[in-house]
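Topology and contacts: notes
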Amino acid sequence: MHYQAIDWNKLEDELDKYTWEKLTSQFWLDTRIPVSNDLDDWRSLSEEEREVVNKAFGGLTLLDTLQSEEGANVMRDDVRTKHEEAVLNNILFMESVHAKSYSTIFVSLNDNRKIEEIFNWIHEDERLQYKAQRIQEVYQTGTALQKKVASVFLESFLFYSGFYTPLWYLGNNLLPNVAEVIKLIIRDESVHGTYLGYKFQLGYNQLTEGQQADLRDWMYELLFDLMDNELMYTEDLYDQIGWTNEVKKFIQYNANKALQNLGFEPFFSGAAAEDINPIVMNGLSTDTANHDFFSQVGSGYLMGEVEAMADDDYDF
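Quick look at the structure, then.

Conventions and cut-offs
Counting of residues starts from 1 at the beginning of each chain's written sequence and follows it residue by residue. Confidence filtering applies because this is a predicted model: local features only for residues at pLDDT of at least 70, side-chain atom pairs given and counted only at 80 or more, and all residues used for totals across whole chains, interfaces and linings. Side-chain measures were taken over the full set of non-hydrogen atoms in the model, leaving aside hydrogen atoms and water. Put simply, a nonpolar core is a bunch of buried Ala, Val, Leu, Ile, Met, Phe, Trp, Tyr and Cys residues held in one set by side-chain atoms that sit within 4.5 Å of each other. Any residue under 20% of the maximum accessible area for its type is buried, any over 50% is exposed, and the rest in between are partly exposed; the area is computed with a 1.4 Å probe on protein chains only. To qualify as a helix, a DSSP run of H or I must reach at least 4 residues; to qualify as a strand, a run of E must reach at least 2; elements of each kind are numbered from the N terminus. Under the pairing criterion, centres of Phe, Tyr and Trp rings, with the six-membered ring standing for Trp, must be within 6.5 Å; the plane angle then separates stacked pairs below 30 degrees from edge-to-face pairs above 60, leaving the rest tilted. A ring is considered to have a charge above it if a Lys NZ or an Arg CZ atom is located within 6 Å of its centre and within 35 degrees of its normal. We place a 1 Å grid over just the protein atoms. Points where a 1.4 Å probe fits but has no way out form a cavity, open points with protein on both sides within 12 Å along at least 5 of 7 lines form a pocket, and any residue with an atom within 4 Å of a point lines it. Grid points are joined across faces, edges and corners, and a volume is the space filled by probe spheres set on the points. Classification used: nonpolar for Ala, Val, Leu, Ile, Met, Phe, Trp, Tyr, Cys and Pro, charged for Asp, Glu, Lys and Arg, polar for all others including Gly.

Further remarks concern the nonpolar core. Counting 90 residues, the largest nonpolar core has Phe57, Tyr102, Phe153, Phe157, Phe163 and Tyr238 as the members making the most contacts within it. Here this core gets 11 residues from one element, more than from any other, and that element is helix H9 (residues 176-204).

Shown next as structure tokens:
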């Protein structure tokens with residue numbers, strides 16, 4: 001038996017190469033964004049607002065940890081091409097970068113005692129744990145297509161109850177470096193959700209009508225279960241600062257986006273783009289200030305400028 005080498009010059013699916021190039025061109029690291037520059041803004045927030053931000057990011061940490069350990073990993077046995085497996089490897093690594101980024105935010109804004117409180121809350125909050133366990137259950141026992149549905153729901157829907165917070169503050173000229181980290185994560189997740197949704201559609205279209213109907217029924221059952229839990233999670237998180245109704249609309253808007261990524265029509269009414277806080281929708285744009293990767297990735301993510309050495313550089 002001969003082991004087959006990957007050949008990027010011979011593609012079965014052009015989208016594999018496009019996605020690889022898109023994701024690698026977007027590469028970034030949390031340590032290069034000056035989150036600590038947001039300390040003055042952080043101190044200007046009320047204690048309730050800081051608690052909401054910390055818990056929102058705590059929830060995101062748990063979900064990104066799940067994605068980095070299981071999400072793309074459990075799909076590698078069902079790849080259609082070798083190039084798809086390479087893309088999944090990239091996704092898996094960047095999910096680890098995302099999970100680490102929240103720790104960078106925590107340590108930049110909080111003391112050790114508060115960080116410990118955040119992680120204790122992550123481990124104990126029933127609604128947060130429920131959505132992670134529900135997705136994990138699908139990853140462990142679901143079919144190849146069910147796993148893709150669960151991942152798209154996580155990437156395109158469940159993250160967004162946490163993303164709302166930094167986008168709102170960004171639109172109000174607060175926490176810009178924290179928001180830059182989140183915008184870079186959103187940019188990655190938008191590619192992940194679109195790519196996996198496309199791969200889902202390839203498999204779904206090969207099913208019989210009866211198989212498609214069964215999978216659709218299962219998908220909507222999962223969606224409604226996750227949505228019910230997510231709405232209660234949102235109440236727990238946001239009631240204290242009065243944002244709950246706005247965040248619920250934002251969640252439903254992104255659940256519709258997740259369905260569209262999978263090739264289905266939007267389901268939730270009253271959750272179109274015009275129904276969402278325009279400040280948040282503006283921040284949701286994944287465009288960054290400068291698309292020249294070698295000089296800057298995002299407005300706060302600076303790469304070093306390289307200059308050729310000259311002989312007199314060695315004169316001390």
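The next subject is the packing of aromatic side chains. Aromatic ring pairs are defined here through the distance separating the ring centres and the angle between the ring planes. Under the defined criterion, the tally for this structure stands at 21 aromatic pairs. Aromatic side chains Tyr204 and Phe264 sit 5.4 Å apart centroid to centroid with 80 degrees between the ring planes, which places their arrangement in the edge-to-face category. Of this pair, Tyr204 sits in helix H9 while Phe264 sits in the loop between helix H11 (244-261) and helix H12 (278-284), placing them 60 residues apart in sequence. The pair Tyr204 / Phe264 is uniform in exposure class, with both members buried. Put simply, the rings of Phe159, Tyr160, Phe163, Tyr164, Trp168, Tyr169, Tyr238, Trp243 and Phe250 pair up and form one aromatic cluster. When the ring centre of Tyr233 is taken as origin, the NZ or CZ atom of Lys131, which lies over that ring, is 3.9 Å away.

What the rule picks out here adds up to 1 cavity of 30 Å³ or more. Here the largest cavity is characterised by a volume of approximately 40 Å³. In terms of lining residues, the largest cavity is bounded by Gln67, Gly71, Ala72, Met75, Ile91, Glu95, Ser151, Glu155 and Leu196. Residue assignment for the lining of the largest cavity shows that the elements contributing at least two residues are helix H3 (47-71), helix H4 (82-109) and helix H7 (144-158). Partitioning the lining of the largest cavity into residue classes produces 4 nonpolar, 3 polar and 2 charged.

Attention shifts here to the environment of Asn173. Note on placement: Asn173 falls in the loop between helix H8 (160-171) and H9. On the basis of relative accessible area, Asn173 is assigned to the exposed category, the value being 69%. Sequence spacing of Asn173 and Asp41 is 132 residues, and the spatial spacing of their C-alpha atoms is 9.1 Å.

Turning our eyes to something else, we now look at unusual backbone geometry. Non-glycine residue Asn173 carries a positive phi angle of around 60 degrees. Positive phi is not limited to glycine here, since Leu175 has a value of about 50 degrees. You can see Leu175 is positioned in the loop between H8 and H9.

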